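Descriptive analysis of the structure
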Amino acid sequence: MMRPKAEKLLRMLGVLGACGCLSTMAAAQAPTFRLDTATITQGQTSAQVGLYISGGVANTAAFNVTIDVTSGADKLNGNITGVKDPALTNFTYVQNSIGGTQYRAVLYAPNSSTTFNTTNEVKVATLTIPVSSTATPGTIGLTIANKFDSDAVTGLTGLGDSAGNSIHGPNEIPSSNGARQINATNGGVTVNAINPGTTIEFCSSNSIPNGWEFAQVLPIGDPDHLGSSQMAGMGHHLTLLAKNAFGFVQTIDSDATVIPSPGDGQILRSTFAVASNQSSAFNNVPIRLRAGARDASFTQTHTFQEGNSGNTAPITVPLSTDAGPRNLELVYYCPDTLTNNIPTASSNGIILAFDLLQFGDVGTSGAVGARYDLKSINYTALNPNTLTNEDEILSLNFVGNAHNFTPIDFKPDNSAITGIFPSNLGTTGGLTINNATAPVGDLAQPSGLKFSFGIWEKTFNQASGEPWEVAADKLYKVTFTLASNAPGGTPSHTARLRFTVGDNDFVGDASVNALQDQTFDPRGSGKTYTAFVKFPNALAGLPVKLSYDVFWVNPGVTNTGITLTLTELHVFSYDNANAPLTGPDCPN
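All values reported here derive from a predicted model rather than from experimental measurement.

Moving on to the side chain of Asn284. Along the chain, the position of Asn284 falls in the loop between strand S20 (267-276) and strand S21 (287-293). Note on Asn284: relative accessible area 2%, which makes it buried.

Below you can see the structure in the form of structure tokens.
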């Protein structure tokens, strides 16, 4: 004989028929549960994991599930909690967390006529996993451990625990109608390997730190300086020894030394503490901070320079008159596979680099003997979801509207030959760049290198009617969608967005690089990419010039007719929260 309370519960769940007896309908097919796997950065205190059900019946009225923490319970900082998915408005959700290591949920309809379809996957809840802020890198393992059963019409025919017993007592639901083991896919939360405020000291010894390397590259476009020494680097001192030079310090490209990825959809944020021996900004070599996936599929850079001897302000490069090292900042977004269908850097890490660029003759910036002291690099991870005060600065749809962008055809040999030329709007459906001819040879290149380069650009000042002016202490997010007609087996070209402020005092960029396997560059209707940029506060109030570039460097192949089209672009600003710590100051 059932107790009145139990009978009321079972009647509410539709288990009892009108006569008050147990329903004897056949049990429905046992579905599969799935849990998300989430990655968070060390220092974050929670992660959200979705709970899904699929492979069941078209008329599911209830289920019961128990989730066990199978590993990493010591990394939890409280009990797991859950919120029913908003789509299931007519269902009641009951949850219970047991000691922080087990979470139990029951979802049921108030009557037998309310059901949902589990033949296809349905998200039923979002679980919040509280993680200790001191958790070290590792995994919190989750698995679905209980048994459940559901009925196609009347709803629940069994509420069972992991041992197969009724959760309402052995006498309330006969064992013949007891629950059975379901299929389950494990989920988990990975605590990422980037520690908050990781600092690499370059001044602790008279050598490059372990895991980093110095390299110099032969000058480009100036045969007179081939073979001359360009840059010298020892410890934290990097000196320009000749004009037209390129040198850099970067992480060594190996599994053991690359910077670990902050995780899908996260931001790697770095501060480079740099000093100079030059009191004139024009005498300093341009500095480029660079971060990107090891396969170079997606890179972002921030460049600081003074290219005009007559321009005195603003100054973005370090000076010898600075009170201490100048902190130059770089932000890099790790592509999110979930939203963009784009490969992520998580599997192979990120290359982080400090470049010195001196392209030009004696009359241009960069004095021979100019020295930079790279004192430290501090990097950390930033979750975009923690950014506050979002403000949409620009929302541009280029399908049928050029928004007054100006097309520019760049010809490296200064001839009348067209390299890659921006196409007119109309049937193109966006800002299109098409290489109609073979790449143009650069006569200054002893290697016979050929390339093409086309640009759409616009300055977003007040006169443009769509201002984008730099605000101090703001981070900017740019999302942009690219489309291409490149067929399978053929890489499209490299697409780049540039964000220039002042007299080229600062240039940020994001490059989508064409790879042979086409895993990253767009195809067909295209892909949406995300980039972040942090402008120096010295540039506050100045407008941003936005350039959409397409370039192709290939010494042999003359593949023509490939187009890259920018169809949409959005810019958002956020408060400059969670700025990374600065590193120690080294002695001179």
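Moving on, we get to the pattern of salt bridges. Taken as a whole and assessed by the stated rule, the structure comprises 12 salt bridges. Between Arg326 and Asp322 there is a salt bridge, with its nearest N and O atoms 3.0 Å apart. Residue classification places Arg326 among the partly exposed positions, given a relative accessible area of 21%. Classification of Asp322 as partly exposed rests on a relative accessible area of 22%. Salt-bridge contacts for Asp575 lead to Lys474; the nearest nitrogen and oxygen are separated by 2.9 Å. Of the two residues, Asp575 sits in strand S37 (residues 563-575) while Lys474 sits in strand S32 (residues 474-484), which places them 101 residues apart along the sequence.

Further remarks concern the packing of aromatic side chains. Counted under the stated rule, the structure contains 13 aromatic pairs. Measuring from ring centre to ring centre gives 5.4 Å for Phe398 and Phe405, while their planes differ by 85°; the resulting arrangement is edge-to-face. Members of the aromatic cluster, connected to one another through ring pairs, are Phe304, Trp468, Tyr476, Phe499, Phe506 and Phe535. Taking NZ or CZ as reference, Arg34 lies 4.1 Å from the ring centre of Tyr52, over its face. The ring centre of Phe572 lies 5.0 Å from the NZ or CZ of Lys477, which sits over that ring.

This part is about unusual backbone geometry. Phi at Asn389 takes a positive value of approximately 55°, unusual for a residue other than glycine. With respect to the helices and strands, Asn389 occurs in the loop between strand S25 (371-382) and strand S26 (391-397). One non-glycine residue, Asn404, adopts positive backbone phi at about 65°. Considering the arrangement of structural elements, one finds Asn404 in the loop between S26 and strand S27 (406-410).

Among soluble globular proteins, nonpolar side chains are generally buried collectively. Among the nonpolar cores identified, the biggest contains 68 residues, and Leu352, Trp468, Phe480, Phe535, Tyr548 and Leu569 are the most heavily contacted of them. Discounting residues that sit within four places of it in the chain, Phe480 has contacts with Leu497, Val512, Lys527, Thr528, Tyr529, Ala531, Leu566, Glu568 and Leu569. If you look at the next biggest cluster of nonpolar residues, it comprises 33 residues, including Phe33, Phe91, Tyr103 and Leu107.

Reading the values: rules and limits
Residues numbered from 1 in each chain as written. Predicted model: local features only at pLDDT ≥ 70, side-chain atom pairs only at ≥ 80, totals over all residues. Heavy atoms only, no water. Helix = DSSP H or I, 4+ residues; strand = E, 2+ residues; numbered from the N terminus. Buried < 20%, exposed > 50% of the residue type's maximum accessible area, 1.4 Å probe, protein only. Salt bridge = Lys/Arg side-chain N within 4 Å of Asp/Glu carboxyl O. Phe/Tyr/Trp six-rings, centres within 6.5 Å; stacked < 30°, edge-to-face > 60°. Lys NZ or Arg CZ within 6 Å of the ring centre and 35° of its normal. Core = buried A, V, L, I, M, F, W, Y, C linked by side-chain atoms within 4.5 Å. Contact = heavy atoms within 4.5 Å.

This is a description of form; function is not addressed.
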